[in-house]
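Chains, contacts and geometry: an overview
One letter stands for each residue in the lines below.
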Amino acid sequence: MTSKNENLAAVLFKANDLRVVNKPMPPPTRDDDVLLRMGRVGICGTDLSYLSKGKMGTEPIVLGHEAAGTVLQCGANVKHLKPGDRVAVEPNLPCHRCEYCMTGRYNLCQLITKVFMSPDKGNLCHYYRHPAAFCHKLPENVSLEEGAFLEPLSCAVHAVRRAGVTLGVTLGTRLLICGAGPIGVLSMMVARSMGATRICITDLNKDRLSLAKQLGADSVIHVTPGRTEKDLAMEVREKLGGRQPNVTMDCSGAEASIRLAIEATESGGRVALVGLGPREVKVPLVDSAIREVDIFGVFCYANDFKDALELVASGRVNVKALITHRFPLVEANKAFETARSGAAMKVVIACD
Ligand code: NAD
Ligand code: ZN
């Protein structure tokens, strides 16, 4: 049990130096904000990258940005929430003034404050203050654990939307997903619910592929060292019923995987770059040019949380099936080590 004014938080001091310490309580709730008692927080690859490489600024930071919690207090202007409501936190806060914000593409706002880049932000703590407009109320049938998935699921919704997956006139989208991590598997489930008819997913990790299969992939490809892009592209075609994918989503960020995405996709098709790997990668760009394979970027989400919530609330996407490990906040180091070991699909930390 924690005492009333104890605000335990998982704080990253420098690379590989994560400690659970007591932080001051958040300042008094502002008019447009709510004070939350944090509930569940998922660990994502970005948190792991901070842990390994260290934070960006000089101040220690609280990790975690896939979160849901319960409203404790509401600011004077907050009308759509009340104490006791459970909410999912949309972490990135745009400026509301620039052209991108004004046209609804607020994920591209230059001033966007990412929770995980600001010292006093980060959701792995007991008490946390956030603008109410970026807190999405969960219905009765959606748990805090599922609520914590709305952040990565919104990434998947945004990515699949940009990829233009549709139920086509005849066969529908034949989709290749490279990388069966949480983002790849969530994208698979979203793409299915949006109409993709055949989905093939690749990974280096067999356990991740079997989970992807259980969760609805039509076929999987185990990428092993020494296999060429041509050889893998042939297998993709076979697995998709003898035709190349018309849409490919790279959800790994790995150079080899992006190269395969271009090689495997049919002429006139589309390749979404969802994975964020090294800043520079070598790809057969001229091949994509002469075959009119469109390559495009995807970043976070804008106005996608409501649809992500609808997918969970309606039972169309079972996010809980991705959780392989659960830890209490005081065991944050163990949780991060488990996530880093590669043995887990999704690790969730309980902050309450
Ligand atoms: P993850 O690291 O858990 O999953 C990546 C998967 O790719 C792993 O299972 C890995 O084994 C697999 N992989 C690596 N090399 C491969 C190869 N050559 N062929 C096939 N599979 C390969 O990460 P995640 O949380 O699922 O996120 C996926 C990627 O998306 C990461 O790069 C992450 O940074 C990025 N991401 C981007 C956005 C965005 O807004 N664009 C949002 C969230 C995550
Ligand atoms: Zn803006």
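Refer to the structure printed above.
Let me begin by describing the structure that accompanies this report.

What counts and what doesn't
Residues numbered from 1 in each chain as written. Chains lettered and ligands numbered in written order. Predicted model: local features only at pLDDT ≥ 70, side-chain atom pairs only at ≥ 80, totals over all residues. Heavy atoms only, no water. Salt bridge = Lys/Arg side-chain N within 4 Å of Asp/Glu carboxyl O. Helix = DSSP H or I, 4+ residues; strand = E, 2+ residues; numbered from the N terminus. Buried < 20%, exposed > 50% of the residue type's maximum accessible area, 1.4 Å probe, protein only. Donors = N, O, S within 2.8 Å, 3.2 Å for Na, K, Ca; no water. Tetrahedral: all angles 85-135°; square planar, octahedral: opposite > 155°, others 65-115°. Phe/Tyr/Trp six-rings, centres within 6.5 Å; stacked < 30°, edge-to-face > 60°. Pairing = 2+ DSSP bridges. Axes fitted to C-alpha atoms, helices over the stretch in contact; angles between N-to-C directions.

1. Regarding the pattern of salt bridges
Under the counting rule described, the total for this entry stands at 22 salt bridges. Between Asp304 and Arg161 there is a salt bridge whose closest N-O contact spans 2.3 Å. Taken as a pair, Asp304 in the loop between strand 14 (294-297) and helix 10 (305-313) and Arg161 in helix 4 (residues 150-163) lie far apart in primary sequence, 143 residues in all. Residue classification places Asp304 among the buried positions, given a relative accessible area of 2%. A relative accessible area of 38% places Arg161 in the partly exposed class. As a salt-bridge pair, Arg227 and Glu235 come within 2.7 Å of each other at their nearest N and O atoms. A residue is classified by how much of its surface remains accessible, and Arg227, at 25% relative accessible area, is partly exposed.

2. Side note on the coordination of the zinc ion (ligand 2)
On the protein side, the zinc ion (ligand 2) has Cys95 (SG), Cys98 (SG), Cys101 (SG) and Cys109 (SG) as donor atoms, found 2.2 to 2.4 Å from it. Relative to the metal, the 4 donor atoms surrounding the zinc ion (ligand 2) lie at angles of 103 to 120°, and the coordination shape comes out tetrahedral. The sequence pattern formed by the donor residues of the zinc ion (ligand 2) is C-x2-C-x2-C-x7-C. By relative accessible area, Cys98 is classed as partly exposed at 22%. For Cys101, a relative accessible area of 13% puts it in the buried group.

3. Quick word on the packing of aromatic side chains
Under the counting rule described, the total for this entry stands at 2 aromatic pairs. A centroid spacing of 6.1 Å and a plane angle of 85° characterise the contact between Tyr106 and Phe134, whose relative ring orientation is edge-to-face. Note that Tyr106 is positioned in the loop between helix 2 (99-102) and strand 7 (127-131) and Phe134 in the loop between strand 7 and strand 8 (135-137), a separation of 28 residues in sequence. The buried category is assigned to Tyr106, whose relative accessible area is 10%. Ring geometry for Tyr301 against Phe305: centres 5.2 Å apart, planes inclined by 80°, an arrangement best described as edge-to-face. With respect to burial, Tyr301 and Phe305 carry one shared label: buried.

4. Overview of the sheet that holds strand 10 (residues 198-203)
What holds strands together in a sheet is hydrogen bonding between their backbones, with the strands either parallel or antiparallel. Read from one edge of the open sheet, 6 strands run 11-10-9-12-13-14, paired in parallel fashion. Each edge of the open sheet is held by one strand with a lone partner, namely strand 11 (219-222) and strand 14. Across this sheet, the average inter-strand angle for adjacent strands is 20°, counted without regard to direction. Bridge analysis of strand 12 (residues 247-250) against strand 13 (residues 270-273) gives 4 bridges, and the strand direction is parallel.

Honestly, it's all geometry; don't read function into it.
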